[in-house]
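Inside the fold
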Amino acid sequence: MQDFKDISGTMAAEIRKAAALLKQGELVAFPTETVYGLGADATSDIAVAKIFAAKGRPDFNPLIVHMADHASMDKLVRFNETATALAERFWPGAMTLVLPRRENCPVSRLASAGLDTLAVRMPAHPLALALLEQCGKPIAAPSANPSGGISPTTADHVRRGLGGKVAAILDGGPCPVGVESTVIGFDGDQAVLLRPGGLAREDIETITGPMIVATEQSAISSPGMLQSHYAPGLPVRLNAVSADKDEAWLGFGKNDMATLNLSPSGDVVEAAANLFAMLHQLDCDKYRAIAVAPIPDKGLGLAINDRLRRAAAPRTITKET
Ligand code: TXA
Ligand code: MG
């Protein structure tokens, strides 16, 4: 990530302008450490509705609300003890908590898609934090891609996917983590893994103990966990130990034949950071399909394999997010 410690000059002016646009109910795409978000004032029904319209997203899929500090989030949702411990340990960072809405929660019901819960996150990217502070409002932000497509990890991905539909795009360079946040819900005090993501399950479990993993059949589940998702235009073939004719081969570990390599040294953190950008790059008419090498299910490998399974799932099922 570029060093944004002293945000000044042009970037400071861009952030002020972006914050003003958000306050006026406009859509602004901004970088987070995970992926670029498509932000809108979460307290405005109309602004939130614009997100769903721009993405072509089914409105039953709820959004994550972003804020720059834990205390402000406490006004929106009720933290339990485990959630508080998680927030203190991992925020700002690639972790989203799904918690009960407070009765007087000012966030649009549309952002919760009719549920009594709200997903909240404090992102770690300095530009995101500066924007949130400047704006002073909870910002709803899904990944800034058309529904069902690959998540954006550069400003250029956002421009290509949603260019005409946003009032501004803050360019913070490539997102350092590269996969979306880990989403955690609660069954009482018991933590439930709703979506594996940029914070490794193993790290979370140092605070929560063993988590339950949500499935599509679970009582608590994440509406965004539909089968076909994060999908490039081309078909995706998993666990490929070689590439067929006309296939692009996305490698992992030492591989001289790969078209692109997620991490030649076999590092899952590096692979996560490269995943969506490389899928974007290979998704072109030079190839018939994208074959992806096997990736270990350890650390961020869990999130990578989750996204790849959805990218490879049959496309007849409604896509979303
Ligand atoms: O890293 C990220 O999480 C990015 C950046 C921009 O923060 N955002 C992102 O948002 O990935 P989105 O909308 O693409 O994914 C949100 C996920 C979905 O799987 C959704 O179903 C789940 O969070 N979610 C949101 N609110 C929920 C709720 N109340 N209950 C259960 N799941 C919820
Ligand atoms: Mg998404």
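Refer to the structure above for everything that follows.
Residues numbered from 1 in each chain as written. Chains lettered and ligands numbered in written order. Predicted model: local features only at pLDDT ≥ 70, side-chain atom pairs only at ≥ 80, totals over all residues. Heavy atoms only, no water.

Points about the overall build of the protein chain
Counting its secondary structure elements, the protein chain contains nine helices and 14 strands. Seen along its three principal axes, the alpha-carbon backbone of the protein chain occupies a region of about 60 × 45 × 40 Å. Per-residue burial for the protein chain yields a buried fraction of 58% across its 321 residues. Of the roughly 13,400 Å² of accessible surface on the protein chain, a fraction of 51% belongs to carbon and sulfur atoms. Put simply, the protein chain has 31 plus and 35 minus side-chain charges, and the middle of one group is 4 Å from the middle of the other. (Helix = DSSP H or I, 4+ residues; strand = E, 2+ residues; numbered from the N terminus. Buried < 20%, exposed > 50% of the residue type's maximum accessible area, 1.4 Å probe, protein only. Areas by Shrake-Rupley, 256 points an atom, 1.4 Å probe, with all protein chains shown as cover. Lys, Arg positive; Asp, Glu negative; His and termini not counted. Charge placed at Lys NZ, Arg CZ, Asp CG, Glu CD.)

A look at unusual backbone geometry
Residue P92 is reached from W91 by a cis peptide bond, and omega for that bond is -5°. Within the secondary structure layout, P92 lies in the loop between α4 (81–90) and β4 (95–100). Phi angles above zero are rare outside glycine, and N239 is one such case at about 50°. Examined against the element boundaries, N239 turns out to sit in the loop between β11 (236–237) and β12 (247–251). The class for N239 is exposed, based on a relative accessible area of 55%. Despite not being glycine, D246 shows a phi value in the positive range, around 70°. For D246, the location among the structural elements is in the loop between β11 and β12. Classification of D246 as partly exposed rests on a relative accessible area of 43%.

Overview of the pattern of salt bridges
For the structure shown, the criterion picks out 16 salt bridges. Where R109 meets D116, a salt bridge forms, and the shortest distance between an N and an O atom there is 3.8 Å. R159 is paired through a salt bridge with D156; the nearest N and O atoms lie 3.6 Å apart. With R159 and D156 both in helix α6 (residues 155–162), this residue pair falls three residues apart, about one helical turn. Residue class for R159 comes out partly exposed when judged on its relative accessible area of 42%. For D156, a relative accessible area of 38% corresponds to the partly exposed category. What you see here is one network of salt bridges that share partners, running through D156, R159, R160 and D171. (Salt bridge = Lys/Arg side-chain N within 4 Å of Asp/Glu carboxyl O.)

Observations regarding the packing of aromatic side chains
Under the definition given, this model contains one aromatic pair. With centroids separated by 6.1 Å and ring planes inclined at 85°, the aromatic side chains of F79 and W91 adopt a geometry described as edge-to-face. Of this pair, F79 sits in the loop between α3 (70–73) and α4 while W91 sits in the loop between α4 and β4, placing them twelve residues apart in sequence. Residue classification places W91 among the buried residues on the basis of a relative accessible area of 9%. (Phe/Tyr/Trp six-rings, centres within 6.5 Å; stacked < 30°, edge-to-face > 60°.)

Comments concerning the nonpolar core
Formed by 67 residues in total, the largest nonpolar core has its most connected members in F79, W91, L97 and I184. When residues of this core are assigned to their parent elements, the largest contribution, seven residues, is made by helix α5 (residues 126–135). Among all residues touching L97, those that are not within four sequence positions of it are F79, A83, L86, A87, W91, L118, A119, V120, I184 and F186. The next biggest cluster of nonpolar side chains, apart from the first, holds 33 residues, and it includes V35, V236, L282 and A311. (Core = buried A, V, L, I, M, F, W, Y, C linked by side-chain atoms within 4.5 Å. Contact = heavy atoms within 4.5 Å.)

Points about the sheet that holds strand β14 (residues 289–292)
Taken together, four strands build an open sheet; the order of strands is β11-β14-β12-β13 and the sheet is parallel. Across the chains shown, the open sheet's two edge strands, defined by having one partner strand only, are β11 and β13 (260–261). The pairing of β11 with β14 spans two bridges and is classified as parallel. When the bridges of β14 are listed, R237 appears paired with A291. (Pairing = 2+ DSSP bridges.)

Side note on the packing of α4 against helix α7 (residues 201–208)
Each pair of packed helices can be described by the angle between their axes along with the distance between the axes. Contact pair α4 / α7: the axes reach a minimum separation of 9 Å and the direction vectors enclose 130°. Considered as vectors, α4 and α7 are oriented oblique to each other. Regarding α4 and α7, the two cross each other, and that crossing is right-handed. Together, T82, A85, L86, R89 and F90 of α4 and D203, I204, T206, I207 and T208 of α7 make up the contact between the two elements. (Axes fitted to C-alpha atoms, helices over the stretch in contact; angles between N-to-C directions. Parallel < 35°, antiparallel > 145°, perpendicular 65-115°, else oblique. Left-handed = near helix turned anticlockwise from the far one by under 90°.)

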